[in-house]
Amino acid sequence: MNICIIGAGNIGTYLAAYISMKKDCKVWIHTSKPHLFKDELTLIEEEKNLEHKVKLHCVTDSLEEGVRDADYILITHPSFLIEKTIEEISNYVKPNTVIGLIPGFGGKEYFADKLTKKGCIFFGTQRVPSIIRLEKYGECVVLKERNPFMKISAIPSKYTEKVCSEMTKLIDIPCEPVKNYLSITLSPSNPLMHPSRLYELFKDYKHGETVYDRSPLFYEEWGDEASRMLLDLDDELGQVFQSLNENNDFDENNIEKIKIRFETEEPSVLSNKIRTAPGFQGIGSPIVACEGGYIPDLSSRYFIEDIEFGLCIIKSFAELCKIETPKLDEVIIWSQRLLKKEYLIDNQLKGRDSKELLIPQNRGINTKEQLIDFYKNL
């Protein structure tokens with residue numbers, strides 16, 4: 001099987017290395033920096049104390065070369081690059097190619113028809129397959145903790161079982177089928193977790209004034225304030241789903257709630273579980289050094305990805321459902337001041353930058369009924 005991985009960050013490098021060890025799999029990886037790749041990648045499985053030396057079939061900066069003969073294409077680019085990436089690969093992919101977005105939330109389903117019209121299968125995952133850290137670009141990647149499962153939904157939905165079966169064999173993680181892509185879109189993972197912690201860390205930050213004296217660990221120093229916000233955001237997301245599911249069109253068991261994932265509704269218990277999770281150890285915060293200390297790294301994916309392509313999308317669904325989201329609004333208003341954006345005015349997505357968001361209202365979906373029909377028909 002020919003596999004193309006697009007994106008050579010944490011997830012992409014891990015997938016390329018791991019799948020390359022599979023018999024009868026040839027792996028291409030697309031990167032803008034192929035010259036930084038060594039002849040062999042080192043893959044370290046931390047939990048098993050194993051180290052593998054892996055050769056990829058091809059490292060290329062040409063999307064055409066990477067995708068033209070691919071049976072599977074796995075895209076790990078950040079959400080703001082997805083539209084451009086899909087537009088370009090659609091010129092070269094062959095019919096029946098399976099194209100996966102890892103992870104699949106962030107409005108990526110709005111571009112699926114660009115590929116399905118060419119006879120391709122589109123899919124997205126609810127979370128990333130594992131907790132991974134790139135130790136050195138093009139040289140070494142560390143698998144810190146393998147997730148026990150990964151949920152997948154395909155477009156058209158009739159191919160979900162097929163994709164789950166094939167992906168399970170490729171990554172050796174059980175891939176569970178999700179009947180409807182809505183459960184991918186409303187994933188409460190990074191889009192809720194990261195902003196909750198960012199708010200705790202930087203809620204009092206002022207441009208040009210605040211300088212922090214240290215760089216905290218993101219998860220190991222997680223506090224109860226972040227946990228309270230996370231649980232509140234989880235509740236508001238749940239209200240949105242229940243509104244969309246008033247006629248039982250979707251399966252609520254496929255919506256992975258934070259309180260179910262961590263088996264608690266107590267902030268202090270949640271904080272302790274996050275602080276002590278093996279896969280979360282040693283991960284720093286999005287912060288950069290400056291004169292006299294540290295300031296937030298506002299270019300980090302933690303800010304760009306999870307606010308614009310996470311919280312704002314959830315807010316857009318809430319507006320169509322006429323659900324009030326005071327905690328969601330609080331974090332978005334704080335973040336837009338920090339990022340010098342304007343998404344919300346009077347707690348509604350009508351700010352000057354809202355027209356650039358990847359939300360249903362900007363895709364011609366303007367009522368709850370239209371939103372439900374869109375997901376039912378994927």
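Residues numbered from 1 in each chain as written. Predicted model: local features only at pLDDT ≥ 70, side-chain atom pairs only at ≥ 80, totals over all residues. Heavy atoms only, no water.

**Q** Is there a simple way to think about the overall build of the protein in this case?
**A** Looking only at helices and strands, the protein features 13 helices and 14 strands. On C-alpha atoms alone, the protein measures out to a radius of gyration of 20 Å, which is about the 21 Å that the 2.2 N^0.38 rule sets for 378 residues. For the C-alpha atoms alone, the extent of the protein along its principal axes is close to 55 × 50 × 40 Å. Across the 378 residues of the protein, 56% fall into the buried class. Contacts in the protein between residues at least 24 apart in sequence constitute 71% of all its contacts with a sequence separation of at least 6. By element, 44% of the accessible surface of the protein is carried by carbon and sulfur atoms, the whole surface being about 16,500 Å². (Helix = DSSP H or I, 4+ residues; strand = E, 2+ residues; numbered from the N terminus. Rg over C-alpha atoms; globule rule 2.2 N^0.38 Å. Buried < 20%, exposed > 50% of the residue type's maximum accessible area, 1.4 Å probe, protein only. Contact = heavy atoms within 4.5 Å. Areas by Shrake-Rupley, 256 points an atom, 1.4 Å probe, with all protein chains shown as cover.)

**Q** Looking at this structure, how should I read the sheet that holds strand 8 (residues 121-125)?
**A** The strands making up a sheet associate through hydrogen bonds between their backbones, and the pairing can be parallel or antiparallel. Spatial ordering of the open sheet is given by 5-2-1-6-7-8-11-12, a layout of eight strands whose pairing is mixed. Edge strands, defined here as strands with exactly one partner in the open sheet, are strand 5 (58-60) and strand 12 (175-177). Taken pair by pair, the neighbouring strands of this sheet meet at an average axis angle of 25°, ignoring direction. Both strand 1 (residues 2-6) and strand 2 (residues 26-30) contribute to a ladder of five bridges, which runs parallel. Among the inter-strand pairings, Ile-6 is bridged to a residue of strand 2, identified as His-30. Across the sheet, helix 1 (residues 10-20) touches strand 1, strand 2 and strand 6 (72-75), and the angle it forms with strand 2 is around 165°. Together, strand 1, strand 6, strand 7 (98-101), strand 8, strand 11 (150-155) and strand 12 form the strand contacts of helix 5 (residues 160-171), whose direction differs from that of strand 11 by roughly 135°. (Pairing = 2+ DSSP bridges. Axes fitted to C-alpha atoms, helices over the stretch in contact; angles between N-to-C directions.)

**Q** Would you mind showing me how to read the packing of helix 8 (residues 224-244) against helix 11 (residues 301-321) here?
**A** Helices that pack against each other are described as a pair by the angle of their axes relative to one another and the distance between those axes. Packing of helix 8 against helix 11 brings their axes to within 10 Å, and their N-to-C directions diverge by 45°. Regarding the angle of helix 8 to helix 11, the classification is oblique. Considering the relative orientation of helix 8 and helix 11, their crossing is left-handed. Facing helix 8, whose interface residues are Leu-237, Val-240, Ser-243 and Leu-244, helix 11 presents Ile-314, Phe-317, Ala-318 and Cys-321. Taken together, the residues that form the contact of helix 8 with helix 11 break down as seven nonpolar, one polar and no charged. (Parallel < 35°, antiparallel > 145°, perpendicular 65-115°, else oblique. Left-handed = near helix turned anticlockwise from the far one by under 90°. Nonpolar A, V, L, I, M, F, W, Y, C, P; charged D, E, K, R; others polar.)

**Q** Any chance you could explain helix 3 (residues 82-89) here in plain terms?
**A** Residues spaced three or four apart along an α-helix face the same direction, because each turn holds 3.6 residues. Along helix 3, the positions that sit buried rather than exposed are Ile-82, Thr-85, Ile-86 and Ile-89. Down the axis of helix 3, the buried set is contained in an arc of 95°. They therefore lie on one face. For helix 3, the elements touching its buried residues are strand 1, helix 2 (63-67), strand 6, strand 7, helix 4 (112-116) and strand 8. (Arc of directions from axis to C-beta.)

**Q** Please clarify how the pattern of salt bridges should be interpreted in this entry.
**A** Any two side chains of opposite charge can pair, on the condition that their charged atoms come close. For the structure on display, the rule yields 21 salt bridges. Among the salt bridges present, the one from Asp-172 reaches Lys-22, with a minimum N-O distance of 2.8 Å. In this pair, Asp-172 is assigned in the loop between helix 5 and strand 12 and Lys-22 in the loop between helix 1 and strand 2, connecting sequence segments 150 residues apart. Judged by its relative accessible area of 21%, Lys-22 falls in the partly exposed class. A salt bridge links Glu-263 to Lys-273; the nearest nitrogen and oxygen atoms lie 4.0 Å apart. Highlighted residues: Glu-263 in the loop between helix 9 (258-261) and helix 10 (267-276) and Lys-273 in helix 10, separated in sequence by ten residues. By relative accessible area, which is 66% here, Glu-263 ends up exposed. (Salt bridge = Lys/Arg side-chain N within 4 Å of Asp/Glu carboxyl O.)

**Q** Quick question: what am I supposed to make of the sheet that holds strand 4 (residues 50-54) here?
**A** Pairing within the open sheet is mixed, and its four strands lie in the order 4-3-10-9. Every other strand in the sheet has two partners, leaving strand 4 and strand 9 (130-136) as the edge strands with one partner each. Each strand axis lies, on average, 20° off the axis of its neighbour in the sheet, ignoring direction. Of the strand pairs in this sheet, strand 9 and strand 10 (residues 140-146) are connected by six bridges, and their pairing is antiparallel. Residue pairing for strand 10: Ile-132 is matched across the bridge by Leu-143.

**Q** I'm lost on the packing of helix 7 (residues 190-202) against helix 8 in this one. Help?
**A** Orientation of helix 7 relative to helix 8, taken along the N-to-C sense of each, is 140°, at an axis distance of 8 Å. The orientation of helix 7 with respect to helix 8, classified from their angle, is oblique. Crossing geometry of helix 7 relative to helix 8 is assigned as right-handed. Every residue of helix 8 that contacts helix 7 at Leu-192, Met-193, Ser-196, Arg-197, Tyr-199 and Glu-200 is listed here: Asp-224, Glu-225, Ala-226, Met-229, Leu-230, Leu-233, Asp-234 and Leu-237. Split into classes, the residues belonging to the contact of helix 7 with helix 8 amount to eight nonpolar, one polar and five charged.

**Q** Before we go on, may I ask you to explain the pairing of strand 6 in this structure?
**A** A regular strand places its side chains on the two faces of the sheet in alternate fashion. Side chains Tyr-72 and Leu-74 project from strand 6 onto one buried face, and the interleaved Ile-73 and Ile-75 project onto a second face that is buried too. Pairing of strand 1 with strand 6 involves four bridges; the strand directions are parallel. The partner of Cys-4 across the bridge, within strand 6, is Ile-73. When strand 6 meets strand 7, the two strands line up parallel, connected through four bridges. Of the residues in strand 7, the one forming a bridge with Ile-73 is Ile-99.

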